[in-house]
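Summary of structural features
Spelled out from the first residue to the last, the chains are:
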Amino acid sequence: MPDMAKIQALNEQKEKDARLVDSTKNGETEADEVRKILSDGANVHVKGSRPMLNACKRFNYDVIRALVEFGALSMPIARKYLGSLCDYRGFDKTDKERYFALLDYAIEITGRDDDYFEPYINNRAAVGDLPALTEFKEHYELTDDYIARHVYPRIIFEIIKDKREDMLAYITSNREWIDKTCFDSAVAGGEEEVLEYILDHSELYEPSRQAVATALFAGRTGVLDMLSDIGYDFEGRDGFFLEKACRATLSTGFKPLEYLLAHGYKLTDSYRGRTVLENALADGNFKLTQYVRDNLTE
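A brief look at the structure comes next. (Residues numbered from 1 in each chain as written. Predicted model: local features only at pLDDT ≥ 70, side-chain atom pairs only at ≥ 80, totals over all residues. Heavy atoms only, no water.)

Now for the overall build of the chain. The helix and strand tally for the chain stands at 19 helices and two strands. Radius of gyration (C-alpha) of the chain: 27 Å, far over the 19 Å computed for a compact globule of 298 residues. Its C-alpha atoms put the chain at 80 × 65 × 30 Å along the principal axes. Restricting to contacts in the chain with at least 6 residues of sequence separation, those with at least 24 account for 66%. Summed over all atoms, the accessible surface of the chain reaches about 15700 Å², with 47% contributed by carbon and sulfur. (Helix = DSSP H or I, 4+ residues; strand = E, 2+ residues; numbered from the N terminus. Rg over C-alpha atoms; globule rule 2.2 N^0.38 Å. Contact = heavy atoms within 4.5 Å. Areas by Shrake-Rupley, 256 points an atom, 1.4 Å probe, with all protein chains shown as cover.)

What follows covers the nonpolar core. With 94 residues, the main nonpolar core has Met52, Leu67, Leu85 and Trp177 as its most contacted residues. The residues contacting Trp177, other than those within four sequence positions of it, are Ile156, Phe157, Ile160, Leu168, Ile171, Thr172, Cys182, Tyr197 and Ile198. (Core = buried A, V, L, I, M, F, W, Y, C linked by side-chain atoms within 4.5 Å. Buried < 20%, exposed > 50% of the residue type's maximum accessible area, 1.4 Å probe, protein only.)

Looking at helix α8 (residues 130–139), one finds that the buried residues are Ala132, Leu133, Phe136 and Lys137. Buried residues of α8, seen end-on, are gathered within an arc of 140 degrees and therefore sit on one face of the element. The exposed residues of α8 that point more than 90 degrees off its buried face are Pro131 and Glu138. On its buried face, α8 is in contact with α6 (96–110), α7 (114–126), α9 (144–149) and α11 (165–174). If you check the start of α8, you find a side-chain oxygen 3.1 Å away from the backbone N of Ala132, and it comes from Asp129. Taken from the residues just after α8, Glu141 is the one with a positive phi, measuring 55 degrees. (Arc of directions from axis to C-beta. Polar contact = N/O pair within 3.5 Å; in protein donor to acceptor, adjacent residues only side chain to side chain.)

This part is about helix α4 (residues 61–69). Inspection of α4 places Tyr61, Val63, Ile64, Ala66, Leu67 and Val68 among the buried residues, and these make up the whole buried set. Lining the buried residues of α4 we find α1 (4–25), α2 (31–39), α3 (46–57), α5 (76–83) and α6.

Looking at the element boundaries, Asp95 is found in the loop between α5 and α6. Among buried charged residues, Asp95 stands out as having no salt bridge; its nearest opposite-charge side chain is Arg98, 6.2 Å away. Polar contacts involving the side chain of Asp95 include one to the side chain of Tyr61, which spans 2.9 Å. (Lys, Arg positive; Asp, Glu negative; His and termini not counted. Salt bridge = Lys/Arg side-chain N within 4 Å of Asp/Glu carboxyl O.)

So, in structure tokens, the structure goes:
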């Protein structure tokens, strides 16, 4: 027999949790209403801290504080939501003081946490706002080294592309950020300006085969030309690359394959023990099959 009391208790808990989630979806909800729902037994962590996410997205600072009072920050994802408040659409300078006040309160409860600092660091670094980072550093007694180390590589890429020279100089003077991972990311992502910077400021020149294959598959031939200019050898007729280029004909088109053909590959070459035509037939790739038949020379 089912335990009716247990089923009833579970249903009641679901109702309380649903009330909490719904209340935090409304940016006009009063903090005391949320406190009452929580006091009645709603789970502050319901649905992966959804109440905290809802409140942060709506900049309902009083409700956020109420959730923190009831232990929301014991779940790491809630700390990320709180720290990332500065990234939500609608955040502006008028929110900064209340945002800092919430971070101060959170730190009092949980201690210092990168999840509180990284979002704002990257938010301001991305737009080249050095004065804001200086203020943040002083407020939280951070170091230049700490700030530079916590700027994400993708943000550094944006800084390079947007030509924010002062911010780039600040980061590079406090951190060695160029490494093999960043190099491969620039290649795979077709980030030509970033790749040029890395090549000019490091000794890196040999990307991973996977990074090259990713760029090739996506048709990002600009970075492949740059690699070729510094001596990367596409003339080896690597079956790994040939397979990627052939598979790309099903999605991104024939640009990758034609790039390889322009760099020494032949339609008679093989991968996985079969010719291009044999693989095309086996894979049901009718476009590639027709292309090979139209272009294959005796």
